[in-house]
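Coordinates in review
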Number of protein chains: 2
Amino acid sequence: MGETIRVAIVGYGNLGRGVEAAIPQNPDISLVGVFTRRDPASVTTLHEATRVYPQEALFEMKDQIDVLVVCAGSATDLPQMTPLLAKDFTLVDSFDNHAHIPEHFAAVDAAAQAAGTTAVISVGWDPGLFSLNRALAHAVLPAGTDYTFWGPGVSQGHSDAVRRIAGVIDARQYTLPVEAAFAAVRSGQTPTLAARQKHSRLVYVVAAEGLDEVEQQRIEEQIVTMPDYFADYDTIVRFISAEQMAAEHAGLPHGGNVFRIGRTGLAEGVGLAEGAALAEGVGLAEGSALTEGAALAEGSALTEDAALAKGSTLAEGSTQVIEYNLQLQSNPEFTASVLVAYCRAAYRMQQAGQSGCKTIFDIPISYLLPISAEQMRATLL
Amino acid sequence: MGETIRVAIVGYGNLGRGVEAAIPQNPDISLVGVFTRRDPASVTTLHEATRVYPQEALFEMKDQIDVLVVCAGSATDLPQMTPLLAKDFTLVDSFDNHAHIPEHFAAVDAAAQAAGTTAVISVGWDPGLFSLNRALAHAVLPAGTDYTFWGPGVSQGHSDAVRRIAGVIDARQYTLPVEAAFAAVRSGQTPTLAARQKHSRLVYVVAAEGLDEVEQQRIEEQIVTMPDYFADYDTIVRFISAEQMAAEHAGLPHGGNVFRIGRTGLAEGVGLAEGAALAEGVGLAEGSALTEGAALAEGSALTEDAALAKGSTLAEGSTQVIEYNLQLQSNPEFTASVLVAYCRAAYRMQQAGQSGCKTIFDIPISYLLPISAEQMRATLL
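Residues numbered from 1 in each chain as written. Chains lettered and ligands numbered in written order. Predicted model: local features only at pLDDT ≥ 70, side-chain atom pairs only at ≥ 80, totals over all residues. Heavy atoms only, no water.

**Side note on the overall build of chain A**
For chain A, the count of helices and strands is 12 helices and 14 strands. Across the 381 residues of chain A, 59% fall into the buried class. The long-range fraction of contacts in chain A, counting pairs at least 24 apart against all pairs at least 6 apart in sequence, stands at 77%. When the accessible area of chain A is evaluated, it comes to approximately 13,800 Å², of which 51% is carbon and sulfur surface. (Helix = DSSP H or I, 4+ residues; strand = E, 2+ residues; numbered from the N terminus. Buried < 20%, exposed > 50% of the residue type's maximum accessible area, 1.4 Å probe, protein only. Contact = heavy atoms within 4.5 Å. Areas by Shrake-Rupley, 256 points an atom, 1.4 Å probe, with all protein chains shown as cover.)

This is the structure we're talking about:
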């Protein structure tokens, strides 16, 4: 291997910390340091040896850095930062606002094309590994139906929305797949499911001290009727103490399942009506990994009754179920691990002259691993 | 779209038939015809309009064909046919003898490099989609443990091995994951599992007429003690009638699960001992899709108790579970569908001058779909 790929972390929240933890697991990657908008002296890193610099120092240290991991929020930071940084650096980001990916791509691509850098955007698990497996399943089963279930896990966006309600000190929102729907899909059925039939929402709230029951009912009402976030779901609200929140909801677990239920062996022409559109996977970012945490006390108790119907004849076709499933004890650490693997790809593409903006769809798996193509074929194929 | 990718099927067993069924689901791909070593007049195709040619006709029809799908066995046919055909054609095969992939790759690569064709080998689900997700999970979670469970489903190799025993008229072998081991792994545990603890084997046998109980016991004994195939597993043998075999075991279901249980957020250096080697996924080809069928009457009754342990702190690390799961009512039809998607990739790579032998590790997902990169980003990312 010899030389290592020199990676710098820009932004140091939970995600940046996860990248710091992930890099030592990759012997071909080394950490240059953390670059922050805060006072470097105020930042305590995971590893004592990690150097912390002010963000402006990035540009003067340019020749010491191969790839940046931009660890910032998708709402306002990444749309600004990624195109700007792509003018000077090959980089990876985790932009997760599905609806705005096309415009983010365009802005980053213009900068990266002009500069000859390589910018891999929207890396993580959704968008990211979920997207990759969604697309792969579409390619293999052109006639089929998609389902994405999220959770059990903490949705930061929903937790934040609750925190903005007057009288709420802290909140943690768990997204839970609805057991019956999940079991039906895993068994190969293709039900039409409203939002409410796919996910339910469980919210733990720490209310301001001294709020009476009437006030608590007002908070609960504001939560369960909140448009987009809760109104379309069955939502349970539980008031707990700050101590209980700290003790039982300190982690950031998440995960979910991407399904494609396809039909093969059909009589000619059947099943062609459905196009490649996937409205369903695009919505509020469930997987956002940028804040701090909680543990799912209940655990996940989905049961499976995956009995496929009896074998089929070619005339009636066969049901094929593709599922990709993540159960993550730490959402930010996992997202960070995906980012680090794609640093390797970004570096290699840049070295090979493949500049511009790239997504997970553009990158062969072989670019992600530190071993040779021969080793991959011998051990992983 | 305009022009279509013109695909020819070489070899017409269950897999070739599956390709014939899959092509009409892909509007950008058209079928030139089936090329067979048998007398074309003796071949009944799925669709009446499908043309059948003798295999030699391939070469004179070369300018009408963009991509071949070579649908033949991995034991003796593909090692001969793929390198030979790669001298004249861009092609895809489903070579599934894991241990011999490196030499198959070398032979095919030499031919394809010399000819400027593109040959994608070992396409299917294992090797294939399972390999892709195994490698992806390795890249994302460098510190972790792999598990592949196969089944419930029919293993052709094991069924064939039983058929070679004297007194056996027909046999169907179901590979079954062991429920307890499966549940432990899905819950994030990393047990060390012997072959017997991961899979059990259920064999249905039609014995020659008039065999007495002693003879049946001899057959059963020969099965359960057969090295490599059965000796290392708990195997149940059931004698049934030819009618029952035809009625209840006419399908070829299969599937399985690839897991990687990884640890992230560890103190520096922890978890680096484990390399990328994966002995476990390499063995007798379970997923081989070349013969005809049976239905899994018992269905799959694995239960899930996926409660993750409570949230973790960074000091102790977090457990992350990646799972890829296929439940296939028809193994050959599914494998055929994967092959057809990779025909699109082979064609595009050849058009782009990317010649030589390729595997699923070398091909970006974007090459597999008929839609544009913009559409992919807008609908699937």
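Now that the structure has been shown, the text picks up again.
**Focus on the nonpolar core**
The biggest cluster of nonpolar side chains holds 162 residues, and the ones touching the most others in it are L68(A), F334(A), Y342(A), L68(B), F334(B) and Y342(B). In this view, F334(A) contacts W125(A), L129(A), L326(A), L328(A), V140(B), L141(B), Q320(B) and I322(B); residues no more than four positions away in its chain are not counted. (Core = buried A, V, L, I, M, F, W, Y, C linked by side-chain atoms within 4.5 Å.)

**Looking at the sheet that holds strand β2 (residues 29–36) of chain B**
Residue and element names in this part refer to chain B. As summarised here, the arrangement of the 7 strands in space is β3-β2-β1-β4-β5-β6-β14, forming an open sheet in which the pairing is parallel. Single-partner strands in this sheet number two, and they are β3 (52–54) and β14 (356–358). Across the sheet, the axes of successive neighbouring strands diverge by a mean angle of 25°, strand direction being ignored. Taken together, the 4 bridges between strand β1 (residues 5–10) and strand β4 (residues 67–70) define a ladder with parallel strand orientation. Bridge pairing in β4 links I9 to V69. (Pairing = 2+ DSSP bridges. Axes fitted to C-alpha atoms, helices over the stretch in contact; angles between N-to-C directions.)

**So, the domain arrangement of chain A**
Residue and element names in this part refer to chain A. By the assigned domains, chain A splits into domain 1 (5–127 + 330–376) and domain 2 (134–262 + 321–328). On a C-alpha basis, the centroid separation for the pair domain 1 and domain 2 is 28 Å. Contacts between the two partners involve 9 residues from domain 1 and, on the opposite side, 9 residues from domain 2. Interface area, domain 1 with domain 2, both sides summed: about 770 Å², of which 69% is carbon and sulfur. (Domains from an automatic or database assignment. Buried area = accessible area lost by both parts, 1.4 Å probe.)

**Some points on the packing of aromatic side chains**
All names here are of chain B. Tallying each qualifying case throughout the model produces 16 aromatic pairs over all chains. Considering the side-chain rings of F130 and Y324, the 6.1 Å spacing of their centres and the 80° angle between planes classify their relative orientation as edge-to-face. Highlighted residues: F130 in helix α5 (residues 129–140) and Y324 in strand β13 (residues 318–328), separated in sequence by 194 residues. Ring geometry for F182 and F259: centres 5.5 Å apart, planes at 75°, overall edge-to-face. Remark: F259 occurs in strand β12 (residues 254–264) and F182 occurs in helix α7 (residues 179–186); sequence separation between them is 77 residues. Since its relative accessible area comes to 1%, F182 is described here as buried. The class for F259 is buried, based on a relative accessible area of 0%. (Phe/Tyr/Trp six-rings, centres within 6.5 Å; stacked < 30°, edge-to-face > 60°.)

**Here's the deal with unusual backbone geometry**
Put simply, D126(A) and P127(A) share a cis peptide bond, and its omega is 5°. Mapped onto the secondary structure, P127(A) falls in the loop between β6 (118–120) and α5 (129–140). That bond from G151(A) to P152(A) is cis: its omega, 0°, falls within 30 degrees of zero. Mapped onto the elements, P152(A) comes out in the loop between β7 (144–150) and β8 (153–154). Here D228(B), not a glycine, exhibits a phi torsion of approximately 65°, which is positive. Inspection of the secondary structure puts D228(B) in the loop between α9 (213–224) and β11 (234–239).

**Topic: the sheet that holds strand β8 (residues 153–154) of chain B**
All names here are of chain B. Read across the sheet, 4 strands follow the order β8-β9-β10-β11 without closing on themselves; strand pairing throughout is mixed. Every interior strand has two partners, whereas the edge strands, β8 and β11, have only one. Sheet topology note: the strand β9 (residues 168–177)/strand β10 (residues 199–207) ladder contains 9 bridges and is antiparallel. Bridging from a neighbouring strand, L176 pairs with S200 of β10. Those strands touched by helix α6 (residues 156–163) are β8, β9 and β10, and its axis lies near 145° from that of β9.

**Thoughts on the pairing of β4(B)**
Residue and element names in this part refer to chain B. Covered by surrounding structure in β4 are V67 and V69 together with L68 and V70, the residues of both alternating faces. Of the strand pairs in this sheet, β4 and strand β5 (residues 90–93) are connected by 4 bridges, and their pairing is parallel. Counterpart to V69 in the pairing with β5 is V92. Between β4 and its parallel partner β5, the chain crosses via helix α3 (residues 77–85), and the hand of that crossover is right-handed. (Right-handed = clockwise from strand over helix to strand, strands pointing away.)

**Here we look at the packing of α3(B) against helix α4 (residues 101–115) of chain B**
Residue and element names in this part refer to chain B. Relative to each other, α3 and α4 sit at 20°, their axes nearing to 8 Å. Classified by the interaxial angle, the pair formed by α3 and α4 is roughly parallel. Crossing of α3 over α4 shows right-handed handedness. For the pair formed by α3 and α4, the contact residues are L78, P79, T82 and P83 on the first element and H104, A107, V108 and A111 on the second. Considering only residue class, the contact of α3 with α4 consists of 6 nonpolar, 2 polar and no charged. (Parallel < 35°, antiparallel > 145°, perpendicular 65-115°, else oblique. Left-handed = near helix turned anticlockwise from the far one by under 90°. Nonpolar A, V, L, I, M, F, W, Y, C, P; charged D, E, K, R; others polar.)

**Focus: helix α3 (residues 77–85) of chain A**
Taken together, the buried positions of α3(A) are occupied by L78(A), M81(A), T82(A), P83(A) and L85(A). Buried residues belonging to α3(A) abut β1 (5–10), α2 (57–60), β4 (67–70), β5 (90–93) and α4 (101–115) of chain A.

**Re the pattern of salt bridges**
All names here are of chain A. This structure, assessed with the given rule, holds 26 salt bridges over all chains. Residue D88 pairs with K62 through a salt bridge whose shortest N-O separation is 2.9 Å. Here K62 lies in the loop between α2 and β4 and D88 lies in the loop between α3 and β5, a separation of 26 residues in the sequence. Residue class for K62 comes out partly exposed when judged on its relative accessible area of 36%. Taking the shortest distance from any N to any O, the salt bridge between R134 and D126 comes out at 2.8 Å. Residue R134 is classed as buried on the basis of its relative accessible area, which comes to 2%. For D126, a relative accessible area of 6% corresponds to the buried category. Linked through salt bridges whose partners overlap, the residues forming this network are D160, R163, D170 and R172. (Salt bridge = Lys/Arg side-chain N within 4 Å of Asp/Glu carboxyl O.)

**Description of the packing of helix α1 (residues 14–22) of chain A against helix α11 (residues 331–351) of chain A**
Residues and elements named next belong to chain A. Running from N to C, α1 and α11 cross one another at 60°; their axes reach a closest spacing of 8 Å. In terms of their interaxial angle, α1 and α11 are classed as oblique. For the pair α1 and α11, the sense of crossing is right-handed. Of the residues in α11, those in contact with N14, L15, G18, V19 and A22 of α1 are P332, E333, T335, A336, S337, L339 and V340.

**As for α4(A)**
Its 15 residues give α4(A) an end-to-end C-alpha distance of 21 Å, which sits within 8% of 21 Å, the value for a rise of 1.5 Å per residue. Taken residue by residue, α4(A) has I101(A), H104(A), F105(A), V108(A), D109(A), A111(A) and A112(A) as its buried positions. At its buried positions, α4(A) is contacted by α3, β5, β6 and β14 (356–358) of chain A together with α12 (373–379) of chain B. (Expected span 1.5 Å × (residues − 1).)

**Regarding the side chain of T50(A)**
Along the chain, T50(A) turns up in the loop between β2 (29–36) and β3 (52–54). At a separation of 2.6 Å, a polar atom in the side chain of T50(A) contacts the side chain of E20(A). (Polar contact = N/O pair within 3.5 Å; in protein donor to acceptor, adjacent residues only side chain to side chain.)

**Details of the side chain of T82(B)**
Considering the arrangement of structural elements, one finds T82(B) in helix α3. Those residues within four positions of T82(B) in sequence are excluded, and the remaining contacts are V70(B), L91(B), D93(B), H104(B), V108(B) and I121(B).

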